[in-house]
Amino acid sequence: MRASRLLSILLILQLRGRATADELAAEFEVSPRTIYRDIDQLSAAGVPVYADRGPGGGFSLLDGYRTRLTGLSASEAESLFLAGLPTAARDLGFSEALIGAKLKLLAALPADTREGAERVNTRFYLDPVGWYRASESLDLLPAVADAVWSSRAIKVEYERWDGLVERSLQPLGLVMKAGVWYLVALSKGSARTYRLSNIRRLDLGEAFERPTQFDLAGFWREHQARFEASLVRGEAVVLATDHGLRRLGEISDAVGRLALSSAQRAADGRWRATIPIETVDNAAEQLMRLGPEIEVESPVDLRAAMAQVAERMAALYRT
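Along each chain, residues carry numbers from 1 onward, in the same order as the chain's sequence is written. Totals for whole chains, interfaces and linings use every residue, but because this is a predicted model, local features are given only for residues with pLDDT of at least 70 and side-chain atom pairs only at 80 or more, for both listing and counting. Processing note: side-chain calculations cover all non-hydrogen atoms of the structure and skip hydrogens and water entirely.

K.L.:
I'd like a description of the overall build of the protein, backed by residues and values.
P.N.:
The helix and strand tally for the protein stands at 13 helices and 11 strands. Counting across all 319 residues of the protein, residues that qualify as buried make up 35%. Put simply, 59% of the contacts in the protein that link residues at least 6 apart link residues at least 24 apart. Accessible surface, the protein: about 19400 Å² in total, of which carbon and sulfur atoms supply 53%. Secondary structure elements are taken from DSSP: a helix is a run of H or I of four residues or more, a strand is a run of E of two residues or more, and numbering for both begins at the N terminus. Relative accessible area decides the class of each residue, using a 1.4 Å probe on protein chains only: under 20% of the type maximum gives buried, over 50% gives exposed, and in between gives partly exposed. Pairs of residues are marked as contacts when any of their non-hydrogen atoms sit within 4.5 Å. Under the convention used here, a 1.4 Å probe and the Shrake-Rupley method define accessible areas, while residue burial counts only the protein chains that appear.

Okay, here's the thing in structure tokens:
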């Protein structure tokens, strides 16, 4: 790990021309004292690195010095597939490998091409975790990822809605959806999905033969379509203001699309639209967030549920 950091420091100095100990320490999440020791190691190895003191100072390489050590290691090459997902790279333990791979690529690029690549890096950033949400605890993710890489079976203790169960799985892949990690694995011959944060214990087993025709991206698309379709168990007709019609998309993209495609002007000037619902209780909870912008016409039991919640809220504020 230290050798990798030394090479990365060398490449940073080659690319940037100058860097301070504090900047390098922040880059590699180590102390400035560690950086000073690394610089001493580089000097001892014959790298012509020198320090300028005072404001605007820092470490630099002797003019004209360039390293040609830009070959990618196996982990660095693998990490490139996560170059646009810094959170995923961090979760999987690829942060340092990804830094090294990016630096080696930049060092190997012509100057004009390198400037364009660095501009993209400074102007675009992807954060997959939703607002007001923290990342889940993923202590077992590195172990699961290792099982996926090496095609090793695992035995897990998994927390479902009805309690803990044990499962013997053959891991096929990992998927991050909206900041949440899922494991796709074979269980009794069928591919299924498991939320990573619900795995409470893991034991590594023997190697297994991965299905050669398995398509992770294709499986996930089909799984997502089946899951979304399974949630739709009925329909509701609502009256919405202009603002309310637009806000129906906050419930889900599918609700927003169907509301807009079915919307027709009612006699009172509002929009009458048909939307999919999962259950009466679930629909009432979601629609109440839109307040008076939405009125439920049918089904009757959903309208009654909305009225009951509204009456309870009104009673609270009257007192």
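Continuing now.
K.L.:
Tell me about helix α8 (residues 141–150), residues and numbers included.
P.N.:
For α8, the set of buried residues is Leu 141, Val 144, Ala 145, Ala 147 and Val 148. Around the axis of α8, the buried residues are gathered within 155° of arc, so they sit on the same side. Of the residues flanking the end of α8, it is Ser 151, one or two places downstream, whose phi is positive at about 55°. Directions pointing from the helix axis toward each C-beta atom define the arc.

K.L.:
Break down the pattern of salt bridges for me, citing the residues and quoting the values.
P.N.:
One side-chain nitrogen of Lys or Arg within 4 Å of one carboxyl oxygen of Asp or Glu is enough to make a salt bridge. Per the stated rule, a full pass over the model turns up 13 salt bridges. A salt bridge links Arg 200 to Glu 159; the shortest N-O distance between them is 2.6 Å. Of this pair, Arg 200 sits in strand β7 (residues 199–207) while Glu 159 is found in strand β3 (residues 152–160), placing the two residues 41 residues apart along the sequence. Residue Glu 159 is classed as partly exposed on the basis of its relative accessible area, which comes to 34%.

K.L.:
Which residues make up the sheet that holds strand β8 (residues 234–240), and what values do they have?
P.N.:
Any two strands with at least two DSSP-identified bridges between them are counted as paired. Spatially, the 4 strands line up as an open sheet ordered β9-β10-β8-β11, and their pairing is antiparallel. Each edge of the open sheet is held by one strand with a lone partner, namely β9 (264–265) and β11 (294–298). Sheet topology places β9 next to strand β10 (residues 271–277); 2 bridges connect them, and they run antiparallel. Across the sheet, residue Gln 264 finds its bridge partner in β10, namely Arg 272.

K.L.:
Account for the sheet that holds strand β4 (residues 163–177), naming residues and giving values.
P.N.:
An order of β6-β5-β4-β3-β7 is seen for the 5 strands of this open sheet, with the pairing classed as antiparallel. Looking at the sheet topology across the chains shown, the edges are occupied by β6 (190–195) and β7. Going from strand to strand, the sheet's axes swing by 45° on average, the running direction of each strand aside. Examined bridge by bridge, strand β5 (residues 180–187) and β6 share 6 bridges and lie antiparallel to one another. Among the inter-strand pairings, Ala 185 is bridged to a residue of β6, identified as Arg 192. Note on geometry: axes are lines fitted to C-alpha atoms, helical ones only across the stretch in contact, with angles between N-to-C directions running from 0 to 180 degrees.

K.L.:
Kindly report on the packing of aromatic side chains, identifying the contributing residues and their values.
P.N.:
Only Phe, Tyr and Trp rings take part, Trp by its six-membered ring, and two of them pair if their centres are within 6.5 Å. Stacked means planes under 30 degrees apart, edge-to-face means over 60, and tilted covers everything else. One pass over the full model with this rule turns up 4 aromatic pairs. Where Tyr 36 meets Phe 59, the ring centres are 5.7 Å apart and the plane angle is 75°; that geometry is what we call edge-to-face. Note that Tyr 36 is positioned in helix α3 (residues 32–44) and Phe 59 in strand β2 (residues 58–61), a separation of 23 residues in sequence. Residue Phe 59 is classed as buried on the basis of its relative accessible area, which comes to 6%. Each ring, one from Tyr 158 and one from Tyr 194, has its centre 5.3 Å from the other, and the planes form 85°; the classification is edge-to-face. Residue Tyr 158 is found in strand β3, and its partner Tyr 194 is found in strand β6; the two are separated by 36 residues along the sequence. Accessibility assignment for this pair places Tyr 158 and Tyr 194 in one class, buried.

K.L.:
Outline the pairing of β5, supporting the account with residue identities and numerical values.
P.N.:
In terms of residue burial, β5 counts as a mostly covered element, since 8 of its 8 residues are buried. The two faces of β5 match: Val 180, Tyr 182, Val 184 and Leu 186 on one face and Trp 181, Leu 183, Ala 185 and Ser 187 on the other face are all buried. Bridging between β4 and β5 involves 7 bridges; their strand directions are antiparallel. Across the sheet, residue Lys 177 finds its bridge partner in β5, namely Val 180. Linking two consecutive strands that pair antiparallel, namely β4 and β5, is a turn of 2 residues; a positive phi of about 50° is found at Ala 178 within it. Where β5 folds back onto β6 in an antiparallel hairpin, the turn is made up of 2 residues, including Lys 188, whose phi is positive at roughly 55°.

K.L.:
Which residues make up unusual backbone geometry, and what values go with them?
P.N.:
Note that the residue after Ser 298, namely Pro 299, is joined by a cis bond; omega there is 5°. Looking at where Pro 299 falls in the secondary structure, it is placed in the loop between β11 and α13 (300–318). One non-glycine residue, Ser 151, lies in positive phi territory at about 55°. The exposure class assigned to Ser 151 is buried, which follows from its relative accessible area of 15%. Its identity is not glycine, yet Lys 188 carries a phi of approximately 55°, on the positive side.

K.L.:
Account for α3, with residues named and values stated.
P.N.:
With 13 residues, α3 extends 19 Å from end C-alpha to end C-alpha; this agrees with the ideal 18 Å at 1.5 Å per step. Buried within α3 are the following residues: Thr 34, Ile 35, Asp 38, Ile 39 and Leu 42. Down the axis of α3, the buried side of the element spans an arc of 140°, and every buried residue falls inside it. Looking at α3, the residues exposed on the side facing more than 90 degrees away from the buried face are Arg 33, Asp 40 and Ala 44. Just downstream of α3, Gly 46 is the residue with a positive phi angle, here 95°. What a helix is expected to span follows from its residue count: subtract one and scale by 1.5 Å.

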